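Chain residues, written in single-letter form:
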Amino acid sequence: MKPRRFDLQNATAIPFAVAMIMGVTLCLFISVSESILLFAVLLLTLLALASFFTPGLRSYAVIVLLLFFVMLAWYRAESQLGREDRWLLSAQAAADDSVRLTGRVVISSFDFSNRGKVIVDQAFLEGKGFSIQLDDLRIRLFADSSLLAALRYGDIVHAIGRMRSSSERTARFTGALTGVLSKREASDVIVDPESLFIHQVGGYYLRRAIDGFRYWILHTFDESLSPDASALCRALVLGDRQDFGYRFQEQLRLTGLSHIFALSGLNTGLMISLLWVTLGVFFLPRNLRYLILLFAAVFYMELGREVPSLVRASLMCSTFLVGRLLQRRTLVINYLAIALGIELLWHPMDIVDPGFGLSYLSVLGMIAGYSAMKQTVAQLIDSQKSGMLKSSVEVFIGTITAQVGTLPLVGFLFHRLPLVGGIGNLLVVPGFALLLVLASLLLLFSAIAPWMVEFITPSIEGLGYCLGWIVDFFASLPLAGIQIPEMSFLLMLTLYLLIFLIPVFWMLQRRRYAVQTALLLACIITWTGRIDEAENSRLTFIDVGNGDACLIESEGSRYLVDAGPRYGEWSAAKIVLPYLADRGIVQLDGLILTHPDTDHIGGAAELIQRIAVDRIWTNGDTSSSRTFIEFEISARSKGKKPQILSAGDIVTLSPSAHLSVLSPDSLSLLRLSESNQRSLAMILSMNSNSAFLAADIDSTVELELLSWGEMLDVDVLHAGHHGSKKSTSVPFLRATSPELCILTAGRRNSYGHPAPEVIERLNSLGIPYLITGQESTLVFESSVEGWKRIKPKAQMLSELWKLPYG
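Attention here is on the structure that accompanies the text. Computed from a predicted structure; not experimentally measured.

As for the overall build of the protein chain
Argument step 1. Within the protein chain, the regular secondary structure consists of 31 helices and 26 strands.
Argument step 2. Computed over its C-alpha atoms, the radius of gyration of the protein chain comes to 29 Å, within 12% of the 28 Å expected for a compact globule of 806 residues.
Argument step 3. By residue count, 53% of the 806 residues in the protein chain fall in the buried class.
Argument step 4. Long-range contacts, defined here as pairs at least 24 residues apart, represent 72% of the contacts in the protein chain between residues at least 6 apart.
Argument step 5. Surface accessibility of the protein chain: about 36800 Å² in total, with carbon and sulfur atoms responsible for 62%.

Now the structure itself:
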């Protein structure tokens, strides 16, 4: 039997896309030298050529090609991941020495609303005992916003500053880790303003033209529309969601409507369709229009800053247009596979970005759903006499199949499942599509007929208001979305297997099995949300720098003790909120503020505004600081009146967990002169385990607490005042006799916390300790064996991918 000849013209692109995915995935888990990978790529290139031109080896051509694409993707991913460079920069950042930086600006401060940050690439870093040239990785440079405002793409910066490894950010939550990798960021450099020198490079850059056009679009929307309407248009056209309120973003996530602003097929398709119609007015030849549309697709991809979903849509569109130019057609699945392969060759680290997986899986879901239900869908659409009803049916089915395709991944990443997305999309998608058309017309008329703008803006304002109301309505429905516990990777794969079996059974005319599989899938998803959460009884010390933010989880209840520090306009809420989202927490049962110092209530005001908080407790102390006043205003605006805790009170967190307040009592608030001394000192009892939360009490209060006797004996001690030398006295350590001491002190903090004296006391008594500034966020699970330290997801992924952490 002769081996089957490989016909390249009739080959499907799916195996090659799978090979690319395998190559990038292997890179994440297995570290191999770039030189070895390059040698393998060259060797497989020679073997591929030999297999094509040698008759006896042609049957093996496809295998060699697949191996070639695996190794090529592996090599590209290893190059962009830059493990060795990241480890070197992390070690140098830990040394805290000054570094000299030279680099080229690739993203200006305008993209960050002029907040004093730019992104540079081709950076050369030199410091004490080291120098490194970064070819694929980028540096975030921080300086005074007025100094960076004039920088454009291609300008060269020379600066001296302190380096901070990106691993400090990635340690906080998983989203930061995937963001750093997909954006190829290696470290931050905080620049001394006096050392910053800028060399503005003249000449023409296409990227500068794109940036200038982007800034013109943003400026036009801001000048012509109200802030809310401008925010909608900016997000629809450019994917810029910086001006979206937290509440609106939560509503979009809850209802599954976030995809509208993800810059994907909807945006690209409408933009290309509008341009096609416009070009048709000028009776241009068809092939010339295809060429213009091809350039427009690539231009729009760059305009949207190459977000993964937009790259996918633009590459699929470009592949389709190239096929038209070459008069070749292929299956839609091949367009998807080709786009995936090109994107992974170009930006292999996009694979860790949630938008990458969601974008491709949604399209794959639509393709598979339509393929499986082609006959049923055709009958359903043909039975509708109204064109609008037919379109509504198509939109509804497309939305359902896309959401089914992304459902397990959404549950795995965000711990929630939207239930009203299919219905919501019937109203919202056409509305936002019309808004996108109107926004495009606004830009067109602003350029050629400014007097027409005033006739379009009322329509945009009114439509934007109506769409916002619709989103708010769907988000307020009782079952708009359901929360689920953390989903394991194995469970996610199981759900995808069941989803894959549904269309297979349907196409094989085994519809009874398809229905049974769908019901099994629904049962798994439903009962996943009913799993006993006792195993999720956790105590987490969130790394917020030199401040406190302690999360307590027990049997579905979530309480936060303190909200971290605040520095100027920045607050710890920017760390706490993403961490809560990473844990799938969208509501707090309680917020306990131990005392009104800024390093403990700094993020409270923003936290209360952005997430539902059922109850608030304080120690009854007040402050005249701006931070405390804003906290009071924020609580009042939400109708929350803080309750006062004092010695002897017990806060029941769940049937198996409670907080016992030991200090202060009502007299202590009058007697003790310092705010720190009046902090709430509490003991957490969870199952059979205990932890002392000392807030900022000092040795004076610690000595008074000795009267509580054996009650002070705990398993874990959260040291007072971040390890200040005035706290954590020897008598108190002996009375509490902890098995572990936690010191919440920021890395390189100006106070010198934890004090050497405290470390000496702990060592002399043989008490092990952990410092958040060194270990990052610390998570402990309450078990029968005691407090068990578990690794945050970001740490587990960093270790699996052999990347620096913390």
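Topic: unusual backbone geometry
Argument step 1. In this structure, the amide linkage connecting serine 663 to the following residue, proline 664, adopts the cis form with an omega of 0°.
Argument step 2. Mapped onto the elements of the fold, proline 664 is located in the loop between strand S19 (657–663) and helix H26 (668–671).
Argument step 3. Residue proline 754 is reached from histidine 753 by a cis peptide bond, and omega for that bond is -5°.
Argument step 4. Tracing the chain through its elements places proline 754 in the loop between strand S23 (740–743) and helix H29 (756–764).
Argument step 5. You will see that phenylalanine 283, though not glycine, has its phi angle at about 55°, which is positive.
Argument step 6. If you trace the backbone, phenylalanine 283 turns up in the loop between helix H11 (265–281) and helix H12 (286–303).
Argument step 7. The exposed category is assigned to phenylalanine 283, whose relative accessible area is 75%.
Argument step 8. Unusually for a residue other than glycine, arginine 748 sits at a positive phi of about 55°.
Argument step 9. Position of arginine 748 relative to the elements: it lies in the loop between S23 and H29.

A look at empty space enclosed by the protein
Argument step 1. Counted under the stated rule, the structure contains three cavities of 30 Å³ or more.
Argument step 2. Counted as a void, the largest cavity has a volume near 90 Å³.
Argument step 3. Around the largest cavity, the lining is made up of 14 residues, and of these Asp548, Cys550, Val561, Asp562 and His718 lie nearest the centre.
Argument step 4. Quantified by volume, the second largest cavity comes out at close to 80 Å³.
Argument step 5. Taken together, Arg86, Ser165, Ser166, Ser167, Thr170, Leu177, Val180, Leu181, Ala186, Leu803 and Pro804 make up the lining of the second largest cavity.
Argument step 6. Counting only elements with at least two residues in the lining of the second largest cavity, the list comes to helix H6 (167–170) and helix H7 (174–182).
Argument step 7. Tallying contributions element by element places H7 first for the lining of the second largest cavity, with three residues.
Argument step 8. Split into classes, the residues belonging to the lining of the second largest cavity amount to six nonpolar, four polar and one charged.

What about the sheet that holds strand S11 (residues 550–554)?
Argument step 1. Strand order in the open sheet made by the eight strands is S17-S16-S15-S12-S11-S10-S25-S26, with mixed pairing throughout. If you trace the sheet from one side to the other, it starts and ends with strand S17 (643–644) and strand S26 (786–790), each paired once.
Argument step 2. Each of strand S10 (538–541), S11, strand S12 (557–561), strand S15 (587–592) and strand S25 (778–783) touches helix H22 (residues 573–582); the most contacted strand, S11, lies at about 20° to it.

Overview of H11
Argument step 1. Compared with an ideal rise of 1.5 Å per residue, which puts 17 residues at 24 Å, H11 spans 24 Å between its outermost C-alpha atoms and is within 8% of the ideal.
Argument step 2. Listed in full, the buried residues belonging to H11 are Asn267, Thr268, Met271, Ile272 and Leu279. Seen along its axis, H11 keeps its buried residues to an arc of 115°; they face one direction. Along H11, exposed side chains directed more than 90 degrees from the buried face belong to Val277 and Val281.
Argument step 3. Where H11 ends, the next residue or the one after it, phenylalanine 283, has phi of about 55°, a positive value.

With respect to H22
Argument step 1. Burial of H22 is extensive: seven of the ten residues sit out of reach of the surface.
Argument step 2. For H22, the full list of buried residues reads Ala573, Ile575, Val576, Leu577, Tyr579, Leu580 and Asp582.
Argument step 3. Once H22 ends, the next one or two residues include glycine 584, with phi positive near 75°.

Quick look at the sheet that holds strand S22 (residues 716–718)
Argument step 1. Strand order in the open sheet formed by seven strands is S18-S19-S20-S21-S22-S23-S24, with mixed pairing between adjacent strands. Unpaired on one side and paired on the other, strand S18 (650–654) and strand S24 (769–771) mark the two borders of the sheet. This sheet shows a mean twist of 20° between the axes of neighbouring strands, independent of strand direction.
Argument step 2. Pairing between S18 and S19: four bridges, direction antiparallel. Within the sheet, the bridge partner assigned to isoleucine 650 lies in S19 and is serine 660.
Argument step 3. Here H29 sits on the sheet in contact with S23 and S24, set at roughly 170° to S23.

Overview of the side chain of serine 663
Argument step 1. In this structure, serine 663 sits in strand S19.
Argument step 2. Owing to a relative accessible area of 5%, serine 663 belongs among the buried residues under this scheme.
Argument step 3. Residues within four places of serine 663 in sequence aside, it is in contact with Ala647, Ser679, Leu680, Ala681, Val701 and Leu705.

Section: the pattern of salt bridges
A pair can form between side chains of opposite charge whenever their charged atoms are brought close.
Argument step 1. Taken as a whole and judged by the stated rule, the model has 20 salt bridges.
Argument step 2. Aspartate 211 is the salt-bridge partner of arginine 305, the closest N and O atoms lying 2.9 Å from each other. Of this pair, arginine 305 sits in the loop between H12 and helix H13 (308–325) while aspartate 211 is found in helix H8 (residues 206–224), placing the two residues 94 residues apart along the sequence.
Argument step 3. Taking the relative accessible area as the measure of exposure, arginine 305 reaches 17% and is therefore buried.
Argument step 4. Taking relative accessible area as the criterion, aspartate 211 reaches 5% and is therefore assigned buried.
Argument step 5. Between arginine 538 and glutamate 781 there is a salt bridge whose closest N-O contact spans 3.9 Å. Of the two residues, arginine 538 sits in strand S10 while glutamate 781 sits in strand S25, which places them 243 residues apart along the sequence. Comparing arginine 538 with glutamate 781, the two get one shared label, buried.

Some points on the environment of threonine 102
Argument step 1. Take threonine 102: it is sitting in strand S1 (residues 98–107).
Argument step 2. Overall, the relative accessible area of 27% leaves threonine 102 in the partly exposed class.
Argument step 3. Leave out the neighbours within four places in its chain, and threonine 102 touches Gln122, Ala123, Phe124, Ile156, Val157 and His158.
Argument step 4. At a separation of 3.3 Å, a polar atom in the side chain of threonine 102 contacts the side chain of histidine 158.

Comments concerning the packing of aromatic side chains
Argument step 1. Across all of its chains, the model carries 20 aromatic pairs by this definition.
Argument step 2. Measuring from ring centre to ring centre gives 5.8 Å for phenylalanine 213 and tryptophan 216, while their planes differ by 15°; the resulting arrangement is stacked. Residue phenylalanine 213 and its partner tryptophan 216 are both found in helix H8; the two are separated by three residues, about one turn of the helix.
Argument step 3. On the accessibility criterion, tryptophan 216 (30% relative accessible area) is partly exposed.
Argument step 4. Between phenylalanine 692 and phenylalanine 732 the ring centres are 5.3 Å apart and the planes differ by 80°, which places this aromatic pair in the edge-to-face class. Of this pair, phenylalanine 692 sits in strand S21 (residues 689–693) while phenylalanine 732 is found in helix H28 (residues 730–736), placing the two residues 40 residues apart along the sequence.
Argument step 5. Judged by relative accessible area, which is 2%, phenylalanine 732 ranks as buried.

A short note on the packing of helix H2 (residues 34–53) against helix H3 (residues 61–81)
Argument step 1. One can describe the packing of H2 onto H3 by two numbers: an axis separation of 9 Å at closest approach and a directional angle of 155°. It follows from the interaxial angle that H2 and H3 lie roughly antiparallel. Between H2 and H3 lies a crossing of left-handed hand. Across the interface between the two elements, Glu34, Leu37, Leu38, Ala40, Val41, Leu44, Thr45, Leu47, Ala48, Ser51 and Phe52 from H2 touch Ala61, Val64, Leu65, Leu67, Phe68, Met71, Leu72, Trp74, Tyr75, Glu78 and Ser79 from H3.

Some details on the pairing of S21
Consecutive side chains along a regular strand alternate between the two faces of the sheet.
Argument step 1. Burial runs high along S21: five of the five residues are buried.
Argument step 2. In S21, alternate side chains face the same way, and those of Asn689, Ala691 and Leu693 on one face and Ser690 and Phe692 on the other are all buried.
Argument step 3. Note: strand S20 (residues 681–686) against S21, five bridges, orientation antiparallel. The partner of serine 685 across the bridge, within S21, is serine 690.
Argument step 4. Here S20 folds back onto S21, and the loop between the two strands holds two residues, one of which, asparagine 687, carries a positive phi near 55°.

Parameters at a glance
- Residues numbered from 1 in each chain as written.
- Predicted model: local features only at pLDDT ≥ 70, side-chain atom pairs only at ≥ 80, totals over all residues.
- Heavy atoms only, no water.
- Helix = DSSP H or I, 4+ residues; strand = E, 2+ residues; numbered from the N terminus.
- Rg over C-alpha atoms; globule rule 2.2 N^0.38 Å.
- Buried < 20%, exposed > 50% of the residue type's maximum accessible area, 1.4 Å probe, protein only.
- Contact = heavy atoms within 4.5 Å.
- Areas by Shrake-Rupley, 256 points an atom, 1.4 Å probe, with all protein chains shown as cover.
- 1 Å grid on protein atoms, 1.4 Å probe; cavity = no way out; pocket = protein on both sides within 12 Å on 5 of 7 lines; lining within 4 Å.
- Points joined across faces, edges and corners; volume = space filled by probe spheres on them.
- Nonpolar A, V, L, I, M, F, W, Y, C, P; charged D, E, K, R; others polar.
- Pairing = 2+ DSSP bridges.
- Axes fitted to C-alpha atoms, helices over the stretch in contact; angles between N-to-C directions.
- Expected span 1.5 Å × (residues − 1).
- Arc of directions from axis to C-beta.
- Salt bridge = Lys/Arg side-chain N within 4 Å of Asp/Glu carboxyl O.
- Polar contact = N/O pair within 3.5 Å; in protein donor to acceptor, adjacent residues only side chain to side chain.
- Phe/Tyr/Trp six-rings, centres within 6.5 Å; stacked < 30°, edge-to-face > 60°.
- Parallel < 35°, antiparallel > 145°, perpendicular 65-115°, else oblique.
- Left-handed = near helix turned anticlockwise from the far one by under 90°.

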